[in-house]
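The residues making up each chain are set out below.
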Amino acid sequence: MEIILFFQSFKCSFFDYFFQFITMGGEQRFFIAAACFLIWCYDKKAGWRAGFIFLTGTVLNGVLKNIFRVARPIGRENVISMRTHTASGYSFPSGHTQGAALFWFAMMKIYRKKLLYVAGTIIIILVGLSRLYLGVHWPSDVLGGIITGAIWVFIADKLWTGLNITGNIKSAALTVAVMAVICIFFPDTYIIRTTGAAAGFISGIHLDRKFLNYTPSPGLLNNTVKMAAGFAVIAILLIATKKILPAGVLSRGLCFTFIGFWITFGAPYLFTFSAKFPGRA
């Protein structure tokens, strides 16, 4: 409690806006955007690998939250909590911090660049501090998120190469099946949604390998158009599935299955098809 109150002793409008902005680096929209950029515009295989690490690690985070069931500091005396709509469920380990750790440690491991080591470490620490300043996590949640994320990057990366997830459809199916079983024991929205995303994501990878073999192409304008068009479809999927499908966890899981599939196969197919026409991306 004292550590949270210490950070909140510096509370002012600037830090309110700053840490709310920083904490977005540990949220769903950032990770979707990062996956889309990597797969559609820059380095498809790195995007696949980082996506696998992130999605499996996110399911792990949901499992740990439901095992430990730690209450958040929200509502505690003298604690001022902000951006609480992004702080649902249990507290340990911090999902925002672990997500940042999963993504940036994965980037460090894949690319091994000094700039990424420095920038990634700073971002992970800042996201963790933002959760304390915003009064939505305990220090142990943040530390647990960083440690769990760091460890899982190495475990998941070993699974990715050792099981040959992209080349062996049985290994890919087994991975999704294990996550589906986890959903039965932990029927949490967070876990079911991520499992749906993983199922679509991995299915799209195998279809790309078999039928498409999409290759990202250079060009600022070209890639800007791709990102805009691709994100427009994701927005439509989020809105349409919410209106068409009945409310509930399974519907959200199905929605994210479509999104995962769109990222790894649907959008790359569209970009490849449209590139056949003169003047198109």
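Coordinates for the structure precede this section.
All values derive from a computational prediction rather than experimental measurement. (Residues numbered from 1 in each chain as written. Predicted model: local features only at pLDDT ≥ 70, side-chain atom pairs only at ≥ 80, totals over all residues. Heavy atoms only, no water.)

Participant: What exactly am I supposed to notice about the overall build of the protein here?
Facilitator: Looking only at helices and strands, the protein features eleven helices and zero strands. Taken over C-alpha atoms, the radius of gyration comes to 19 Å for the protein, in line with the 19 Å a tight globule of 281 residues would show. Its C-alpha atoms give the protein principal-axis dimensions of roughly 60 × 40 × 40 Å. Across the 281 residues of the protein, 49% fall into the buried class. Contacts spanning at least 24 positions in sequence make up 79% of the contacts within the protein whose residues lie at least 6 apart. (Helix = DSSP H or I, 4+ residues; strand = E, 2+ residues; numbered from the N terminus. Rg over C-alpha atoms; globule rule 2.2 N^0.38 Å. Buried < 20%, exposed > 50% of the residue type's maximum accessible area, 1.4 Å probe, protein only. Contact = heavy atoms within 4.5 Å.)

Participant: Before we go on, may I ask you to explain the state of the cysteines in this structure?
Facilitator: A covalent bond between the sulfur atoms of two cysteines is what we call a disulfide. In this structure the tally under the stated criterion is zero disulfides. The cysteine Cys255 is free of any disulfide, with Cys36 supplying the nearest cysteine sulfur at 13 Å. (Disulfide = S-S within 2.5 Å.)

Participant: In this structure, what is going on with the pattern of salt bridges? I would like to understand it.
Facilitator: Close approach of charged atoms allows side chains of opposite charge to pair. In this structure the tally under the stated criterion is five salt bridges. One salt bridge in this structure joins Lys11 and Asp16, with 2.8 Å as the shortest N-O distance. Linking Asp157 and Arg49 is a salt bridge whose minimum nitrogen-to-oxygen distance equals 2.7 Å. Highlighted residues: Asp157 in helix H7 (residues 139-162) and Arg49 in helix H4 (residues 44-68), separated in sequence by 108 residues. On the basis of relative accessible area, Asp157 is assigned to the buried category, the value being 6%. A network of salt bridges, in which partner residues are shared, links Arg49, Lys109 and Asp157. (Salt bridge = Lys/Arg side-chain N within 4 Å of Asp/Glu carboxyl O.)

Participant: In this structure, what is going on with H4? I would like to understand it.
Facilitator: One turn of the α-helix equals 3.6 residues, which is why residues spaced by three or four share an orientation. An ideal rise of 1.5 Å per residue puts 36 Å on 25 residues; H4 measures up with 36 Å between its terminal C-alpha atoms. Burial within H4 is extensive, with 20 of its 25 residues counted as buried. Positive backbone phi, at 50 degrees, marks Arg69, one or two positions downstream of H4. (Expected span 1.5 Å × (residues − 1).)

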